[in-house]
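Each chain, written out:
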Amino acid sequence: MNTDLLTPYRLNDTIELKNRVLMAPLTRCMADENLVPTQDMVEYYARRADTGLIISEATIIRPDGQGYPTTPGLFTREQIEGWKKVTDAVHANGGKMFAQLWHVGRVAHPHFFDGEVLAPSAIGVEGSVPRMRELTYITPKAATTDDIKSLIADFAKAAENAIEAGFDGVEIHGANGYLIDQFLHYEANVREDEYGQTPQNMARFALEVTDAVIAAVGNERTALRVTPGAYFNMSEDNRDKAVFDYLLPELEKRNLAYLHGGIFDDSTTFESLEGKTTSEFLRAGYKGVLVGVGSYSFESAKAAINEGKFDLIAIGRPLIANSDYISKVTNGEELVPYSDEMLAELK
Ligand code: FNR
Ligand code: 8K6
């Protein structure tokens with residue numbers, strides 16, 4: 001098999017992508033002070049509409065989900081209208097777009113909202129808010145069962161809002177040490193109720209959120225990103241693998257649009273995953289559509305897809321550096337290398 005990544009790919013009966021290259025979700029912290037997408041964001045996303053699917057930067061489902069300055073939201077009328085301009089421009093350029101739905105859990109900071117910081121357990125994380133280093137993280141409050149119910153309902157509501165805002169679907173952010181991922185790892189979850197202690201209990205929140213989002217927008221418009229190996233705002237625990245061994249077949253039953261691994265470099269191996277990389281571990285446990293990510297070039301992604309390691313590739317930093325990534329790889333032109341200074345501006 002020699003799959004060309006630049007030919008169409010049918011995700012399911014509802015969604016066909018024009019190619020297999022997805023834009024990875026990339027936080028840019030450039031919404032306005034009401035967390036509404038700006039005109040610059042409209043143009044930034046519209047320029048990348050030739051990717052098979054744009055996944056939006058992580059977008060908070062409610063005020064207490066915020067842990068970074070001016071990250072966009074999807075919970076006010078103004079935010080929905082702002083996103084509508086983005087999705088209209090992406091669609092006008094022939095693209096498709098999912099919203100990434102986010103709650104940061106214990107790395108939220110009350111500087112950004114009135115209220116408590118919620119997490120599975122009252123276990124804080126060392127460190128401070130990126131770009132606002134004076135804001136050190138606080139010890140969160142362990143969510144009550146009622147808090148959990150309202151979080152699940154608010155994920156579903158944000159998914160509905162995303163469809164109203166013109167998105168083609170949603171990717172639930174269950175990765176990178178944020179709220180959903182905190183339930184899935186022993187370091188952050190020491191609950192003694194039906195959300196803790198056993199793999200089945202620790203996977204419950206992720207599955208309840210997924211089911212509520214599916215009920216709101218349908219399985220063909222619902223995707224999930226997960227981080228089985230802890231590497232960001234979280235420490236590894238060898239018991240974590242069993243949680244994902246339980247979770248993956250459960251997810252498979254739900255016929256999601258896709259499952260997406262969260263990682264910066266997919267050559268990273270994890271002791272807690274018996275020495276596997278993120279994509280190796282996910283592929284072994286999940287037969288549905290799998291998106292690979294993490295320091296891939298177009299060529300290395302093509303090789304990985306042809307070897308059956310995953311089905312679609314998400315590209316992050318190279319798409320920050322090259323809005324015309326697809327046309328460059330199509331024509332074999334050289335890419336501009338990414339550098340962190342590029343984060344200062346939306347180009
Ligand atoms: C990210 N990443 C990320 N992941 C996520 O799930 N939601 C997000 O909002 C962000 N934000 C974000 C911002 C910036 C500036 C970077 C560099 C990364 C992770 C991203 O989606 C991807 O997994 C990594 O960048 C690895 O892919 P590349 O960049 O090697 O192709
Ligand atoms: C700096 C921009 C604003 C916020 C970004 C959010 C999320 C991601 C950050 C990027 C960089 C980080 C690194 C981490 C990880 C690990 C490696 C093994």
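Just so it is clear, the structure is predicted and the values come from calculations on it, not from any experiment.

Peer 1: Just to check I follow, could you spell out the environment of Gly-169 for this structure?
Peer 2: Among the structural elements, Gly-169 can be located in strand E10 (residues 169-174). By relative accessible area, which is 0% here, Gly-169 ends up buried. Between the C-alpha atoms of Gly-169 and Ala-99, which are 70 residues apart in sequence, the distance is 6.6 Å. Contact partners of Gly-169, with chain neighbours within four places excluded, come to Met-97, Phe-98, Ala-99, Ile-163 and Arg-221.

Peer 1: Even after reading the chapter, I still don't get the UniProt feature "domain: NADH:flavin oxidoreductase/NADH oxidase N-terminal" (unreviewed entry) in the protein chain, so can you show me in this structure?
Peer 2: When the UniProt feature table is mapped onto this chain, "domain: NADH:flavin oxidoreductase/NADH oxidase N-terminal" (unreviewed entry) is found at residues 5-333. In residues 5-333, the share of helix is 34% and the share of strand is 18%. The end C-alpha atoms are 16 Å apart.

Peer 1: I tried to follow the confidence of the model for the protein chain on my own but got confused; where do I start?
Peer 2: Low pLDDT marks regions whose predicted coordinates should not be analysed in detail. Mean pLDDT for the protein chain: 97, with 99% of residues reaching 70 or above. Here the predicted complex scores 0.97 on pTM and 0.95 on ipTM.

Peer 1: Where do I start with the site of ligand 1 in this structure?
Peer 2: Around ligand 1 sit 19 residues in total, of which Pro-25, Thr-27, Arg-225, Ser-295 and Arg-317 are the nearest. Within the side chain of Gln-100, an N or O atom sits 2.9 Å from a nitrogen atom of ligand 1. In the complex, the protein chains occlude 91% of the 610 Å² of accessible area that ligand 1 would expose alone. Here ligand 1 occupies the largest pocket. For the shell around ligand 1, a count of residues per class yields 10 nonpolar, 7 polar and 2 charged.

Peer 1: Is there a simple way to explain the packing of helix H3 (residues 145-164) against helix H6 (residues 204-217) in this structure?
Peer 2: For any two helices packed against each other, one specifies the inter-axial angle together with the distance between the axes. Contact pair H3 / H6: the axes reach a minimum separation of 8 Å and the direction vectors enclose 35°. Once H3 is placed against H6, the crossing between them reads as right-handed. Contacts from Ile-148, Leu-151, Ile-152, Phe-155, Ala-156, Ala-159, Glu-160 and Ile-163 of H3 reach H6 at Phe-205, Glu-208, Val-209, Ala-212, Val-213, Ala-216 and Val-217. Of the residues that constitute the contact of H3 with H6, the class distribution is 13 nonpolar, no polar and 2 charged.

The rules behind these values
- Residues numbered from 1 in each chain as written.
- Chains lettered and ligands numbered in written order.
- Predicted model: local features only at pLDDT ≥ 70, side-chain atom pairs only at ≥ 80, totals over all residues.
- Heavy atoms only, no water.
- Helix = DSSP H or I, 4+ residues; strand = E, 2+ residues; numbered from the N terminus.
- Buried < 20%, exposed > 50% of the residue type's maximum accessible area, 1.4 Å probe, protein only.
- Contact = heavy atoms within 4.5 Å.
- UniProt positions renumbered as here; feature names shortened; annotations may be inferred.
- pLDDT = per-residue confidence, 0-100.
- Near = heavy atom within 4 Å.
- Polar contact = N/O pair within 3.5 Å; in protein donor to acceptor, adjacent residues only side chain to side chain.
- Areas by Shrake-Rupley, 256 points an atom, 1.4 Å probe, with all protein chains shown as cover.
- 1 Å grid on protein atoms, 1.4 Å probe; cavity = no way out; pocket = protein on both sides within 12 Å on 5 of 7 lines; lining within 4 Å.
- Sits in = over half its atoms within 2 Å of the grid points.
- Nonpolar A, V, L, I, M, F, W, Y, C, P; charged D, E, K, R; others polar.
- Axes fitted to C-alpha atoms, helices over the stretch in contact; angles between N-to-C directions.
- Left-handed = near helix turned anticlockwise from the far one by under 90°.

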